[in-house]
Amino acid sequence: MTMPILPPEDLSNKAISARITTNAIKSIKNGLIKKKNLVYLELNGCSGNIISLLNGQNPDFEYTFKSMVDIQYSNSLMVAEGEKAIEKLMKALEGEYILAVEGAVALKNNGLYNIIGSWKGKPLTGLEAVKMLGEKASHILAVGACATHGGVSAAKPNPSESVGLNKVLPHKKIIMLPGCPVHPDWFLGTLAHLLLYGEPETDSLNRPLMFYSTLIHDRCPRRPFFDRGIFAEKLSDKTCLFKLGCRGPVTRTDCPTRQWNGHVNWPIGDDTPCIGCAQFGFPDAMAPFISFDTTRVVKNE
Amino acid sequence: MQNIEMLRWQLNSLVTQVRQDIYTLSTVPQQPIAPQILQRLWDTTSTIHFISELLANQALHCYQPIPVNSRMIPVNNSPSNSTQISPITPIPNQSNSQLNGRNFTIGELATFDGKNGRPAYVAVNSTVYDVTNNRAWAAATHFGLLAGKEYSQEFATCHAGQQSILATLPVVGRLVS
Ligand code: HEM
Ligand code: SF4
């Protein structure tokens with residue numbers, strides 16, 4: 001039996017995702033849902049997303065990887081190395097699995113700019129691996145800015161010719177989890193939803209609505225200052241950060257309510273503008289991250 | 001001090017308003033009026049938040065008065081600086097009648113780059129628009145574009161079929177060659 005939720009039902013994203021994850025954990029315990037296999041590929045990126053996942057709570061990272069899924073491959077976490085590790089990756093192909101990918105796909109020189117291991121004495125490129133695993137995966141999660149749209153790896157001048165996952169798997173449905181890095185809840189919550197209910201509802205860009213539905217600007221505690229035209233001139237000001245270059249008005253995430261690092265704070269809460277890390281085209285399209293020359297009036301500039 | 005009394009009174013009546021709205025929502029949950037009430041709740045809480053921030057700031061700065069209820073904060077209204085055009089605050093339907101007819105050369109347009117307190121203008125199809133306080137143009141930049149330039153091509157490729165965007169922007173003049 002599930003606990004009744006007394007009115008008024010808490011509809012904050014945090015409460016909703018907490019309900020989803022506790023339900024998922026319960027259903028696994030009762031044998032109602034099966035653990036699924038998970039393959040976590042790291043391609044051309046900085047491993048920032050898997051590090052961000054270590055901040056996860058309810059469920060935490062350890063619980064997720066031990067009790068919710070059977071992790072088949074993760075080059076950062078597994079004990080096996082070299083060809084032994086790639087052997088596990090190849091074995092995973094035989095069964096059903098969810099594929100999570102962080103990092104961009106480097107296309108230059110047929111993928112040679114990103115080699116993730118070697119198989120039968122030959123280098124295995126990220127490009128080959130993701131095509132092979134993507135074709136057979138039951139679900140694909142693109143985790144972080146690089147996997148969703150190229151991100152920092154594809155920033156100008158993009159020497160490795162990096163692209164997002166959808167460019168190499170054009171016919172597959174890919175759940176997009178942009179962010180640099182991804183918030184642990186966005187990944188763990190989406191994974192929990194997959195296990196318990198199947199694919200979450202997404203927007204036209206395939207982002208789960210439960211995390212990416214609302215503009216930061218529409219839920220920003222500093223919005224009243226924006227509406228009155230009262231703008232910060234420097235970083236410590238407590239008013240709207242728009243003139244310093246805030247990208248909250250073009251970025252859709254739940255940062256204002258969810259917050260980061262164990263839900264304690266977020267950029268705008270700490271007086272620094274949103275840099276739009278979860279907007280497609282980040283970082284180039286969101287630059288410059290900070291401008292002090294808009295409000296400051298200097299004579300004889 | 002009188003000012004603070006007034007803010008306090010305003011806060012209390014706003015809180016009463018919120019309570020009333022929440023009560024109404026709880027009694028008639030599925031009424032078509034719910035979205036309006038929710039909108040009013042949102043606005044009221046925003047105002048409460050704003051006033052409490054204002055009070056806190058005043059307390060911190062030993063009652064340095066900040067103008068209350070100022071729908072428009074003039075940035076530069078000193079006569080010595082009369083060549084400067086005050087940035088437009090984000091209030092819709094503001095009239096720009098004096099400026100509406102102004103002609104800009106591409107060189108003149110370039111000076112409205114949003115820097116140093118100047119307004120930010122962009123031109124699309126020979127019309128010059130004010131994006132100074134448009135939410136999508138923070139710090140006078142937008143997806144890699146800088147204010148003060150002509151962007152007919154970019155608008156056509158990035159916002160095809162979104163003429164409504166232009167219709168909502170304040171017009172400040174025309175681009176002439
Ligand atoms: C490089 C080309 C461009 C790109 C990639 C681009 C991208 C975008 C995106 C993604 C949004 C939606 C933000 C959101 O609500 O989530 C937006 C909004 C907007 N864009 Fe652009 N844009 C481009 C060029 C332009 C140009 C040339 C103008 C000139 C007038 C313009 C004016 C606006 C305005 C005013 C909005 C806000 C619309 C609203 O209030 O709903 N954009 N743009
Ligand atoms: S700080 Fe940023 S997100 Fe918040 S109101 Fe200002 S522009 Fe919008």
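Residues numbered from 1 in each chain as written. Chains lettered and ligands numbered in written order. Predicted model: local features only at pLDDT ≥ 70, side-chain atom pairs only at ≥ 80, totals over all residues. Heavy atoms only, no water.

Participant: It is not clear to me how the domain arrangement of chain A should be interpreted in this structure. Could you clarify?
Facilitator: One frequent convention defines the size of an interface as the accessible area lost when the parts assemble. Residues and elements named next belong to chain A. According to the domain assignment, chain A consists of domain 1 (13-211) and domain 2 (216-286). Measuring from the centre of the C-alpha atoms in domain 1 to the corresponding centre in domain 2 gives 27 Å. Counting residues at the interface gives 26 residues for domain 1 and 19 residues for domain 2. Taking both sides of the interface into account, the surface hidden between domain 1 and domain 2 amounts to around 1800 Å²; carbon and sulfur atoms contribute 58%. The largest contributions to the domain 1 side of the interface with domain 2 come from H149, H183 and W186, which together make up 26% of the buried area. The interface formed by domain 1 and domain 2 holds one salt bridge in total. Here D185 ties to R258 by a salt bridge, and the two come within 2.7 Å at their closest N and O atoms. Inspection of the region where domain 1 meets domain 2 yields nine residue pairs in polar contact (both at pLDDT 80 or more). Taken together, the elements giving at least two residues each to the side of domain 1 that touches domain 2 come down to α1 (13-29), α7 (145-149), α9 (184-197) and α10 (209-212). Classifying every residue of the side of domain 1 that touches domain 2 gives twelve nonpolar, ten polar and four charged. (Domains from an automatic or database assignment. Contact = heavy atoms within 4.5 Å. Buried area = accessible area lost by both parts, 1.4 Å probe. Salt bridge = Lys/Arg side-chain N within 4 Å of Asp/Glu carboxyl O. Polar contact = N/O pair within 3.5 Å; in protein donor to acceptor, adjacent residues only side chain to side chain. Helix = DSSP H or I, 4+ residues; strand = E, 2+ residues; numbered from the N terminus. Nonpolar A, V, L, I, M, F, W, Y, C, P; charged D, E, K, R; others polar.)

Participant: Before we go on, may I ask you to explain the side chain of A:Q259 in this structure?
Facilitator: Residue and element names in this part refer to chain A. Along the chain, the position of Q259 falls in the segment after α13 (255-258). In terms of polar contacts, Q259 uses its side chain to reach the backbone carbonyl oxygen of P256, at 3.4 Å. When near neighbours in sequence (up to four residues on either side) are disregarded, Q259 contacts H183, D254, V264, N265 and W266.

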